[in-house]
Amino acid sequence: MDEQLKSELSKQGIFATSLQELYNWGRKNSLWPLNFGLACCAIEMIAATMARYDMARFGAEVFRPSPRQADLMIVAGTITKKMAPQIVRLYNQMPEPKYVISMGACAISGGPFKQGYNVLKGIDRYIPVDVYIPGCPPRPEALIDALMFLQKKIDSQQLTGADRARHLDPDAPSEFIVPQFGAHDLEPPQNPEIWRPPLVEISLAEKNDAGSD
Amino acid sequence: MLEAIKSEIEANVSGCRLEVVPNSSPSGQHSLLIDCERALAVARFLRDAAHLRFDYCSNVTGIDWPGKEIVEKEKIKKLVDGVEQEVEEVRKTQSAGHLEAVYHLYSMEKKHGPVILRMRTKNRSDQTHLPSLTPIWRSAEFQEREIFDLYGIVFDGHPDLRRILMWDGFEDHPMRRDYVEPDDYEYEPTPHDEVLEKSKQHTHGVRAR
């Protein structure tokens, strides 16, 4: 709809909108997060909901204790390999449309524990992530910024057409492989359908200077 | 103080062999190496003796001592081309190494401590049993489970010896020196040392420039 015509109509007391705008407006302002925390980032997440930062201003204050009632998963903290299957299972149990915020260095990549033996190197190895927040831990402002970013993302989603939202595409998967506990590692160590090792360009000449060969 | 406790234990617990492991660092925290057969009796004596009363076990630690290569040189007389000559022979043997559990004891009642106890397994592969001191100090329960999980020491007499950090089906012991972690490496922006070696093996995700 023509924006100019819309604003002209609103001056005359006529409110005109499209179904897509109404639908996205409703969803972006009632994001109910799943109530769980994994490590110190969860403390910042709690702080973001309290009076000083007040995430309720964005319609996201209703932390749900059940994945069946939640729209948003805030992965706040270090994901140990022992915990990873439960997180993927919780994600699978959430109804569509669902979104994931990967909060903090650990949830993004393993963070300071990246070289360890029992920390998953990023939750995006198993489930699709919408917004990443760097920081260790990120401040509540950063979480609110991520929430506003996610709201903008929801607002721009299409209901129809080739680039429609993921949950409206019947071919897009809504559940992902839950990793199993293996003898030495999780099996599979990543879901190859959604994550592959990043292709990065590095200069080999520089590497030779630093290395031994 | 440790020497006094040592001779006292030897007087009260029959047949126990003790050894003081000196610590030459500034902290000077020497420890007592106790033998596994008498460990429970020694522990019970330290807890119950009226003037010692070590009623609090603050910490249990595991240590992995991998086997070392021992090089022995020996001069042997040998016949070389019909002439007797003195030949130096080098023999290399691999020592078995051992796993160690370290207990830090304090007395809440007498306000003294710590006394440090050590126990050693016979080797690192098949004889990794030690007696559990959880029946004496309840606080050792979870820490002995952690050592069982990460080092593979089996504590006989432990009430509930299961893995505590890793999952039940896990087979390795991650804190051992020879542990090889799963190969789930990904790109590092500033690789160095061990990580640099790993990044050289993984070039599938790296495009050379």
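Residues numbered from 1 in each chain as written. Chains lettered and ligands numbered in written order. Predicted model: local features only at pLDDT ≥ 70, side-chain atom pairs only at ≥ 80, totals over all residues. Heavy atoms only, no water.

What follows is about the domain arrangement of chain B. Under the domain assignment used here, chain B contains domain 1 (2-65 + 99-173) and domain 2 (179-209). Look at where the C-alpha atoms of domain 1 of chain B and domain 2 of chain B centre, and you get two points 39 Å apart. (Domains from an automatic or database assignment.)

All names here are of chain A. Topologically, Asp124 is positioned in the loop between helix 5 (104-109) and strand 3 (131-133). Buried charged residue Asp124 carries no salt bridge. Nearest counter-charge: Arg125, at 5.6 Å. Not counting chain neighbours up to four residues away, the residues in contact with Asp124 comprise Ile108, Val129, Tyr132, Ile194 and Trp195. (Helix = DSSP H or I, 4+ residues; strand = E, 2+ residues; numbered from the N terminus. Buried < 20%, exposed > 50% of the residue type's maximum accessible area, 1.4 Å probe, protein only. Lys, Arg positive; Asp, Glu negative; His and termini not counted. Salt bridge = Lys/Arg side-chain N within 4 Å of Asp/Glu carboxyl O. Contact = heavy atoms within 4.5 Å.)

Counted by the stated rule, this structure contains 22 salt bridges over all chains. A salt bridge links Arg164(A) to Asp169(A); the nearest nitrogen and oxygen atoms lie 3.7 Å apart. Classification of Asp169(A) by relative accessible area gives partly exposed; the value is 27%. Across the pair Glu10(B) and Lys6(B) runs a salt bridge, and its minimum N-O distance is 3.5 Å. Of this pair, Glu10(B) and Lys6(B) both sit in helix 1 (residues 2-12), four residues apart, which is roughly one turn of the helix. A relative accessible area of 35% places Glu10(B) in the partly exposed class.

Let us now look at the pairing of strand 6 (residues 98-107) of chain B. Residues and elements named next belong to chain B. Counting buried positions along strand 6 yields eight of 10 residues, so the element is predominantly enclosed. Where strand 3 (residues 56-65) and strand 6 come together, nine bridges link them in antiparallel fashion. Within strand 6, the residue paired with Tyr56 across the bridge is Tyr106. As judged from the seven bridges shared by strand 6 and strand 7 (residues 112-120), these two strands associate in the antiparallel manner. Of the residues in strand 7, the one forming a bridge with Leu105 is Val115. Joining the antiparallel neighbours strand 6 and strand 7 is a turn of four residues, in which Lys111 adopts a positive phi near 60 degrees. (Pairing = 2+ DSSP bridges.)

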